[in-house]
Amino acid sequence: MTRIKIAIALFLTSLLGCIASFAVFDFSTSALLILSLFICGPWAVMIYSLYSTDKQQLDFLNDFATNMTAEQGINFSFRFDENNPNLPQACHALNESLTTVEHLLGEIYFSSARLLPMADALRDTYASMTQKATIQDAHGVDLAITIKRTIDVSRELD
């Protein structure tokens with residue numbers, strides 16, 4: 001959008017220069033119209049070209065943003081149609097990046113899927129060890145109470 005603003009500012013500057021030259025030089029009306037057309041015409045074409053290019057890029061960006069979001073999360077399977085001759089180079093780069101990201105996420109998923117059985121086994125082992133430690137603690141407390149009673153009874157007998 002900044003390019004369009006700069007082009008419009010330059011267009012207005014050349015238009016003011018054209019008006020000033022008309023005031024200074026005594027041209028006929030037809031010469032003024034032809035000179036104005038040669039000065040303002042290319043600017044108008046350039047501004048229209050910049051506007052249509054920016055609008056097209058904005059359309060691609062809106063299309064990307066709309067298709068990337070889904071109800072379940074981010075849709076990494078979206079790709080721009082690479083058969084479109086008007087597709088900007090940035091869209092081709094986005095397609096390649098999305099392909100790479102989709103592949104990497106798949107690799108992470110497969111790696112974590114291999115670790116799930118190991119994680120389940122570790123969880124079960126930890127639960128078993130915790131249970132055994134709790135039982136040993138309870139037996140240790142009972143044994144300590146029994147030894148204390150034995151010591152107390154042997155002191156009473158003395």
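Throughout, a residue's number is its position along its own chain's written sequence, starting from 1. At least 70 in pLDDT is required for a residue's local features to be given in this predicted model, at least 80 for side-chain atom pairs to be given and counted, and no such filter applies to totals for whole chains, interfaces and linings, which use all residues. Heavy atoms from the whole structure form the basis of all side-chain values; hydrogens and water molecules are not counted.

Asks: I tried to follow the overall build of the protein on my own but got confused; where do I start?
Replies: What counts as a helix is a DSSP run of H or I of at least four residues, what counts as a strand is a run of E of at least two, and both are numbered from the N terminus. Within the protein, the secondary structure is distributed over three helices and two strands. The N-to-C order of helical and strand elements in the protein reads α-α-β-β-α. Computation of the radius of gyration draws on C-alpha atoms alone. For the globule rule, the value is 2.2 Å times the number of residues to the power 0.38. At 40 Å, the protein has a C-alpha radius of gyration far larger than the 15 Å of a compact globule built from 158 residues. The classification of residues rests on relative accessible area computed with a 1.4 Å probe and restricted to protein chains. Under 20% of the type maximum is buried, over 50% is exposed, and intermediate values are partly exposed. Classification of the 158 residues of the protein by burial places 13% in the buried group. Between two residues, a contact is recorded if the distance between any of their heavy atoms is within 4.5 Å. Sequence-distant contacts, at least 24 apart, represent 52% of the contacts inside the protein between residues at least 6 apart. With residues, only the protein chains shown are counted as cover, and all accessible areas are computed by Shrake-Rupley using a 1.4 Å probe. As presented, the protein carries roughly 12600 Å² of accessible surface, and 66% of it is formed by carbon and sulfur atoms.

Asks: I keep staring at the pattern of salt bridges and nothing clicks. Help me out?
Replies: It is possible for side chains of opposite charge to pair when their charged atoms get near one another. Should a side-chain nitrogen of Lys or Arg be within 4 Å of a carboxyl oxygen of Asp or Glu, the pair is scored as a salt bridge. Counted according to the given criterion, the structure contains four salt bridges. Here Arg79 ties to Glu102 by a salt bridge, and the two come within 2.7 Å at their closest N and O atoms. One end of the pair, Arg79, is in the loop between β2 (73-74) and α3 (89-157); the other, Glu102, is in helix α3, with 23 residues separating them in the sequence. Residue classification places Arg79 among the partly exposed positions, given a relative accessible area of 25%. For Glu102, a relative accessible area of 35% corresponds to the partly exposed category.

Asks: Before we go on, may I ask you to explain helix α2 (residues 29-68) in this structure?
Replies: Helical geometry note: an α-helix holds 3.6 residues per turn, so side chains three or four residues apart project in the same direction. Multiply 1.5 Å by the residue count of a helix minus one, and that product is the helix's expected span. The end-to-end C-alpha separation of α2 is 57 Å, in line with the 58 Å expected for 40 residues at 1.5 Å each. The reported bend at a residue is simply the angle between two axes, fitted to the 7 residues ending at it and to the 7 residues beginning with it. The sharpest bend along α2 comes to roughly 30 degrees, located at Cys40, with the proline Pro42 sitting one to four residues further on. Of all the positions in α2, only Cys40, Ile47, Leu50, Asp54, Phe60, Phe64 and Met68 are classed as buried.

Asks: How should I be thinking about the nonpolar core in this particular structure?
Replies: Residues belong to a common nonpolar core when they are buried Ala, Val, Leu, Ile, Met, Phe, Trp, Tyr or Cys residues joined through side-chain atoms within 4.5 Å. Phe60, Phe64, Met68, Phe78, Phe80, Leu87, Cys91 and Leu98 form the largest nonpolar core, which has eight residues in total. Counting residues per element, this core draws most heavily on α2, which supplies three residues. The next biggest cluster of nonpolar side chains, apart from the first, holds five residues, and it includes Ala7, Phe11, Ile47 and Leu50.

Asks: Would you explain the side chain of His92 in this entry?
Replies: With respect to the helices, strands and loops of the structure, His92 is situated in helix α3. The exposure class assigned to His92 is buried, which follows from its relative accessible area of 19%.

Asks: Mind showing me how you'd approach the environment of Gln57 here?
Replies: With respect to the helices and strands, Gln57 occurs in helix α2. For the pair Gln57 and Lys5, spaced 52 residues apart in sequence, the C-alpha to C-alpha distance is 17 Å.

Asks: Could you clarify how one ought to interpret α3 in this entry?
Replies: Between the first and last C-alpha of α3 there are 98 Å, a value that for 69 residues agrees with the 102 Å anticipated at 1.5 Å per step. The largest bend in α3 is about 30 degrees, located at Leu116, with the proline Pro117 one to four residues further on. Of the positions making up α3, those classed as buried are Cys91, His92, Asn95 and Leu98. Buried positions along α3 lie against α2.

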